[in-house]
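Chain by chain, the residues run as shown.
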Amino acid sequence: MLRASARACSRRLHDALTINAPLILSSTQARHASGHSENTNTFIKEALRELEYPEKLQRLLLTPQREVLVELVITKDNGEIETFNAYRVQHDDSRGPFKGGLRYHPHVDLDDVRSLASLMTWKTAVMDIPFGGAKGGITVDPKALSERELEKLTRKLVQSIKDVIGPLMDIPAPDMNTDGRIMAWAFDEYSKHQGFSPGVVTGKPVHLHGSLGREAATGRGTVFATRELLKHTGNGTIAGKTIVVQGFGNVGAWAAEIFAEQGGKVIAVSDAEGAVHNESGLDIPALRRHLASGSKLSSFSEGTAIDKASILSLECDVLVPAAIGGVITEDNADSLQCRFVIEAANGPTTPGGDQKLRSRGIEVLPDIYTNGGGVTVSFFEWVQNLQNFRWEEEDVNRKLDRTMTEAFAAVWATSKEKRIPLRTAAFVKALERVTRAHIHRGFD
Ligand SMILES: NC(=O)C1=CN([C@@H]2O[C@H](COP(=O)(O)OP(=O)(O)OC[C@H]3O[C@@H](n4cnc5c(N)ncnc54)[C@H](O)[C@@H]3O)[C@@H](O)[C@H]2O)C=CC1
Ligand SMILES: O=C(O)CCC(=O)C(=O)O
């Protein structure tokens, strides 16, 4: 097996493609060395030490299969040309087509996308859905673009990567600052080139081959995940628990709403601009209506505006980071006053932060499991697209519940059996499944 692994490693040596790269350089090219992939690899290596896999196999599992870098050019509404860096990293497709979201954010860089692509491989494996892992992104502040510019940029991205995505190859989806509207443009642009292909992206609007339940799925899955953790640790149910949510976008707002529906007391939430607190529990539907009307979180009259940086250190039962990566670190982990960290965001805890939380006995439910509800319902959407069929929302939610519950049971059992933290257990389970797929498929 070792010799086979070695051949596989050389086959999969870093394959960086540069396509469609114009010579015009842009002001958006500043790169932030995020260090995210090093953090992700630290967690994976901890699990690999448990498994004692040979080094060549470890390299195969850590190395992305393909990294695509493109330069996108658009004419802005004012007639000026602007260019943007964009990425698609395809980490592993041994278990099925590459799968993962598209992020539009000014801090997106190759290292960030590489880390997120790797997390997708382990996430689809933990959830046991038949996909691999990928992620894409554009280095852009979407708030600085008009709707028309955003559409052009999305269409340019699809034109640039259309040869490496597809319903049976690589299936993008929403992530930070991307939504059903952007997925609809991506589906339309891809279909212009390759013929009608609803299965090329998931997270599409429901009226355009999207799935009922996908929009809320990551938040809903986060609540199912929390329910399982509370149950298995002997801490009862969500009802009555105090909950703090960092990030009030797709994932955070749906999670907060469903926590509240189940009797949880969501005492504070934040977004990129501010935070709001109410010890008696915020009225989440009212807060969502307040934001939808264009008002700011901090001006919500049924709560008190607080400094958004202080949200992580509020006293609560359950802290849910649901925004960006790297927010719980060695430097601030001592200030947390929660019993459980439920990682709805990707990569919210650095390895240093994780060690501190462990030593303080704060239980962390890892991202590759907690936020797996999104890609799970993306899988359901893809299945519906391939069948040209529509499932009822209750059916989607029931299947999501079952998938989250079964995945939890597998991670929990591994954690107990090997006496390792839940994060390491989730990676161990995922690594075993991906490795088994590689071995069964062969390397030549
Ligand atoms: N959308 C999805 O289905 C999935 C998303 N995720 C992860 O969940 C996280 C959130 O994603 P979405 O909700 O889709 O994004 P989104 O763009 O809908 O919302 C992001 C939210 O985070 C806030 N935010 C940004 N920077 C912040 C900061 N420094 N402090 C506090 N809040 C901040 C934004 O204001 C916004 O409220 C990301 O880490 C994403 O990768 C994971 C799995 C699936
Ligand atoms: O729905 C999907 O395919 C992937 C969502 C995503 O990007 C993630 O889980 O981080």
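Quick notes on the rules
Residues numbered from 1 in each chain as written. Chains lettered and ligands numbered in written order. Predicted model: local features only at pLDDT ≥ 70, side-chain atom pairs only at ≥ 80, totals over all residues. UniProt positions renumbered as here; feature names shortened; annotations may be inferred. Helix = DSSP H or I, 4+ residues; strand = E, 2+ residues; numbered from the N terminus. Rg over C-alpha atoms; globule rule 2.2 N^0.38 Å. Buried ≥ 20, exposed ≤ 12 C-beta atoms within 10 Å, placed from the backbone. Pairing = 2+ DSSP bridges. Axes fitted to C-alpha atoms, helices over the stretch in contact; angles between N-to-C directions. Contact = placed C-beta atoms within 7 Å. Near = placed C-beta within 6 Å. Nonpolar A, V, L, I, M, F, W, Y, C, P; charged D, E, K, R; others polar. Domains from an automatic or database assignment. Expected span 1.5 Å × (residues − 1).

As annotated in an unreviewed UniProt entry, the protein chain is Glutamate dehydrogenase from Symbiochloris irregularis. Note on the protein chain: under the UniProt heading Sequence similarities (unreviewed entry), the record states "Belongs to the Glu/Leu/Phe/Val dehydrogenases family."

Before going further, it helps to examine the overall build of the protein chain. Regarding its fold elements, the protein chain presents 14 helices and 13 strands. The C-alpha radius of gyration computed for the protein chain amounts to 21 Å, which stays within 12% of the reference 22 Å derived for 444 residues, consistent with globular compactness. In terms of principal-axis extent, the alpha carbons of the protein chain reach across some 60 × 55 × 45 Å. The buried share of the protein chain, reckoned over its 444 residues, is 53%.

Take the pairing of strand β2 (residues 66-75) next. With 10 bridges joining them, β2 and strand β3 (residues 81-92) adopt antiparallel strand pairing. What sits directly across from Val-73, in β3, is Thr-83. Counting the residues between successive antiparallel strands, the hairpin from β2 to β3 contains five residues, one of them, Gly-79, with a positive phi of roughly 90°.

The next subject is the sheet that holds strand β12 (residues 340-342). Spatial strand order, β10-β9-β8-β7-β11-β12-β13: seven strands in an open sheet with mixed pairing. Of all the strands in the sheet, the pair left with one neighbour each is β10 (304-306) and β13 (363-365). Across this sheet, the average inter-strand angle for adjacent strands is 25°, counted without regard to direction. Along the sheet, helix α7 (residues 214-232) makes contact with β11 (318-321), β12 and β13, crossing β12 at roughly 150°.

As a further point, take the site of ligand 1. Taken together, 24 residues form the shell around ligand 1, and within it Gly-247, Gly-249, Asp-271, Ala-272 and Gly-374 come nearest. Broken down by element, the shell around ligand 1 gets its largest block of residues, three residues, from helix α8 (residues 250-261). Grouping the constituent residues of the shell around ligand 1 by class yields 10 nonpolar, 11 polar and three charged. Three or more residues apiece are contributed to the shell around ligand 1 by two domains, here domain 1 (2-210) and domain 2 (215-365).

The next subject is the UniProt feature "site: Important for catalysis" (unreviewed entry) in the protein chain. Taken from the UniProt record, the annotation "site: Important for catalysis" (unreviewed entry) applies to Asp-175. For Asp-175, the location among the structural elements is in the loop between β6 (170-174) and α6 (180-194). Residues within four places of Asp-175 in sequence aside, it is in contact with Gly-101, Leu-102 and Arg-103.

A few words on helix α4 (residues 110-127). Taking 1.5 Å per residue as the helical rise, α4 with its 18 residues ought to reach 26 Å, and the 26 Å between its terminal C-alpha atoms agrees with that figure. Asp-128 sits one or two residues past α4 and shows a positive phi near 60°.

Attention now goes to the UniProt feature "binding site: substrate" (unreviewed entry) in the protein chain. Within this numbering scheme, the UniProt entry marks Lys-99, Lys-123 and Ser-378 as carrying the feature "binding site: substrate" (unreviewed entry). The largest pairwise C-alpha distance within this set of annotated residues, which runs over 280 residues, is 12.7 Å, so the set is compact in three dimensions. Note on Lys-99: 29 C-beta atoms within 10 Å, which makes it buried. Residues within four places of Lys-99 in sequence aside, it is in contact with Met-120, Thr-124, Phe-131, Gly-132, Gly-133, Ala-134, Ile-171, Val-375 and Ser-378. Relative to the helices and strands, Ser-378 is located in helix α12 (residues 372-387). Taking the number of C-beta atoms within 10 Å as the measure of exposure, Ser-378 has 29 and is therefore buried.

Often, the extent of an interface is quoted as the loss of accessible area on bringing the components together. Assigned domains within the protein chain: domain 1 (2-210) and domain 2 (215-365). A C-alpha centroid distance of 27 Å is found between domain 1 and domain 2. Each partner contributes residues to the interface: domain 1 has eight residues there, and domain 2 has six residues. Listing elements by their share of the side of domain 1 that touches domain 2, those giving two or more residues are α2 (36-51) and α4. The element that contributes the greatest number of residues to the side of domain 1 that touches domain 2 is α2, accounting for five residues. When its residues are assigned to classes, the side of domain 1 that touches domain 2 shows three nonpolar, five polar and no charged.

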